[in-house]
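So the chains spell out like this:
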Amino acid sequence: MSVGVQGYLRRVNRFVGKLVGLVVRCLGSWFPVFGLMKHTLKKSSLFSEITASLQLSVPLASAQLAQAGTAFIDTVMMGLLGSQILAAGGLGSAVFSALLIITTGVISAVSPLTAEAHGSGKTNIVGRVAAQGLWLSLLLSIPVLLLIWFIGPILRQLGQAENNVILAEVYLRAVMWGFLPGVGFAALKNFVAALSQPRSVMVIMLCGMIFNGTTNYVLMFGKLGFPALGLAGIGWASTISYWLMFTTLVFYILRQPQFQPYNIFPNLRYFDRRIFMGLVQTGWPIGVLAGVESGLFTVTTFLMGQLGTVTLAAHHIALQTAAVTFMVPLGISFATTVRVGQLMGQGNLRGARLAGFVGMGIGATFMGMMALLFWTMPQTIVSLYLDVNNPDNADVVQMAMALLGVAAMFQLFDGVQIIAAAALRGLKDTRIPMLIGVIAYWIVGLGSGYWLGIRLEFGGVGLWLGLAIGLAAAACILSWRFYSLIAATKKI
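Computed from a prediction, not measured in an experiment: that's the story for all the values here.

1. Regarding the nonpolar core
Grouped together as the largest cluster of nonpolar side chains are 148 residues, with contacts concentrated most on Phe179, Phe191 and Trp464. Of the residues forming this core, the biggest block, 22 residues, is contributed by helix H16 (residues 394-426). Other than its neighbours up to four places away in sequence, tryptophan 464 contacts Met304, His315, Ala318, Leu319, Leu403, Val406, Ala407 and Phe410.

In structure tokens:
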């Protein structure tokens, strides 16, 4: 490892150590927010809600882990092709993932609207919401596909290296054909989950992960008579996997009798303007919020690219690892939206408040354990992506380990903020959380990251510290808003 990198990391470690102490002190004053509930709840109510939440959360979190597992396998296989492919493939993956997250964020409005209609017994509305969600999926996908096709000049304007851009385009022009089924699958997944039937989604996504990994190997290296496509093979494998999962879920819904009363696919023949606009009005702030959060990571990826291939590769390793753990609170967040939405449909404000905080508590517990793992086993984690004993990878390994130390700090905040936003989504409160996200992620997070990483020359670690600060601000404000909004609703 170069002397310059060693000195840089020593300076960063001293700074991070001081910041960790500050975070610990802040947590001590922040967690009493969750304790506000304990004196007003009966044990039976608490345990019942934990059970109900886990019954939804475990399959949905498992499904999201399968999705993250697919991206993880893609990243590992990119690493087999070398650091250059890993950096360029990571750039393309970041672009595709950001666009998919934003679009499925809008589509996630299917969940609270379906959950509320289901909770209030409006069977005819449930099927219409799902059908209009599929139409919205199609309309949103068309401009995104055009953007992906012409993304090259945009990446160059953002300062990305020419070799990285060329390779990223190869990947994106293969994976883009899976975008539409990916969004359509999200719409149907939200419908199924809102009816408290998430296990099918879990099974389908787990099978999709296995299929994707196998197809990666076949298409990358040209097995079974196929040509060796390299990085493009990873993109095509993902496209095939998205189509397979979508068609499987469609077939499952058609075949299962519990979904027949909702008439989803017959309802596709009709355009319901009121429900469609309801999805748009509820969903666009969710999409913007998802966009500003994923955009924070995407812009950070672009800034990392300007700092060099070593920093970009290390960033992708740390980001992909954090993305895997994030899938669990993301799955919990879907369950929390459903629980809060169903209880609000029943007019049960007390139960909705409990459901929101139970979801946050479960997510915080899991992410706290992941933070310890990141902090104590960084080299083991990095070894999953690269050969840590290869001297050529030394700088990337050390940089990735430093970034994982910072990632350990924001694990807890990242989990709580996504679940708090989901609890507010169950209340159909999406516009104010969107504004909170813009301020927390872009002004606080990106601003502090740019100042620490570029101005103070902490480099990649400084940019990641900014991510931690932005996520902490979002977690505190969103969780407090949920508590305040429920309290205000109860008084009306």
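After that view, the rundown keeps rolling.
2. Concerning the confidence of the model for the protein chain
Per-residue pLDDT for the protein chain has a mean of 83; in total, 90% of the residues score no lower than 70. In the model of the protein chain, helix H2 (residues 32-35) stands out as the element of lowest mean pLDDT, 44, in contrast to helix H11 (residues 231-255), which has the highest, 93. Note that residues 26-41 has pLDDT below 50 and, in this model, 24 contacts with residues that lie over four places away or in other chains.

3. Looking at helix H12 (residues 273-306)
The end-to-end C-alpha distance of H12 is 46 Å, a good match for the 50 Å that 34 residues give at a rise of 1.5 Å each. In H12, a bend of some 35° at glycine 283 exceeds every other bend along the element, and proline 285, a proline, comes one to four places later. Extensive coverage of H12 is indicated by the burial of 25 of its 34 residues. Backbone nitrogen of arginine 274 and a side-chain oxygen of the N-cap are separated by 3.2 Å at the start of H12; the cap is aspartate 272.

4. Comments concerning the environment of aspartate 272
Within the secondary structure, aspartate 272 is located in the loop between H11 and H12. Linking aspartate 272 and methionine 205, residues 67 residues apart in sequence, is a C-alpha distance of 30 Å. When residues no more than four places from it in sequence are discounted, the contact partners of aspartate 272 are Arg128 and Gln132.

5. Examining the pattern of salt bridges
Taken as a whole and assessed by the stated rule, the structure comprises 6 salt bridges. Notably, a salt bridge pairs glutamate 49 with arginine 339, separated by 2.9 Å at the nearest N-O pair. Of the two residues, glutamate 49 is situated in helix H3 (residues 43-80) and arginine 339 in helix H13 (residues 309-345); the sequence distance between them amounts to 290 residues. Judged on exposure class, the residue glutamate 49 and its partner arginine 339 are both buried. Sharing partners across several salt bridges, the network here consists of Arg156, Glu162 and Glu169.

6. A look at the packing of aromatic side chains
Overall, the coordinates contain 11 aromatic pairs when judged by the stated rule. A ring pair is formed by phenylalanine 271 and phenylalanine 276, whose centres lie 5.1 Å apart and whose planes are at 50°; its orientation type is tilted. Considering the side-chain rings of phenylalanine 357 and tyrosine 483, the 6.2 Å spacing of their centres and the 70° angle between planes classify their relative orientation as edge-to-face. Remark: tyrosine 483 occurs in helix H18 (residues 459-491) and phenylalanine 357 occurs in helix H14 (residues 349-376); sequence separation between them is 126 residues. Residue classification places phenylalanine 357 among the buried positions, given a relative accessible area of 6%.

7. A few points about the environment of alanine 352
For alanine 352, the location among the structural elements is in helix H14. Residue alanine 352 is classed as buried on the basis of its relative accessible area of 0%. In this structure, the C-alpha to C-alpha distance between alanine 352 and alanine 423, residues 71 residues apart in sequence, is 8.5 Å. Among all residues touching alanine 352, those that are not within four sequence positions of it are Val340, Leu343, Met344, Phe482 and Ile486.

8. Describing helix H6 (residues 123-149)
Taking 1.5 Å per residue as the helical rise, H6 with its 27 residues ought to reach 39 Å, and the 40 Å between its terminal C-alpha atoms agrees with that figure. Maximum bend of H6: about 25°, positioned at serine 141, with proline proline 143 one to four residues after it.

The rules behind the values
- Residues numbered from 1 in each chain as written.
- Predicted model: local features only at pLDDT ≥ 70, side-chain atom pairs only at ≥ 80, totals over all residues.
- Heavy atoms only, no water.
- Core = buried A, V, L, I, M, F, W, Y, C linked by side-chain atoms within 4.5 Å.
- Buried < 20%, exposed > 50% of the residue type's maximum accessible area, 1.4 Å probe, protein only.
- Helix = DSSP H or I, 4+ residues; strand = E, 2+ residues; numbered from the N terminus.
- Contact = heavy atoms within 4.5 Å.
- pLDDT = per-residue confidence, 0-100.
- Expected span 1.5 Å × (residues − 1).
- Bend = angle between axes of the 7 residues up to and from the residue.
- Polar contact = N/O pair within 3.5 Å; in protein donor to acceptor, adjacent residues only side chain to side chain.
- Salt bridge = Lys/Arg side-chain N within 4 Å of Asp/Glu carboxyl O.
- Phe/Tyr/Trp six-rings, centres within 6.5 Å; stacked < 30°, edge-to-face > 60°.

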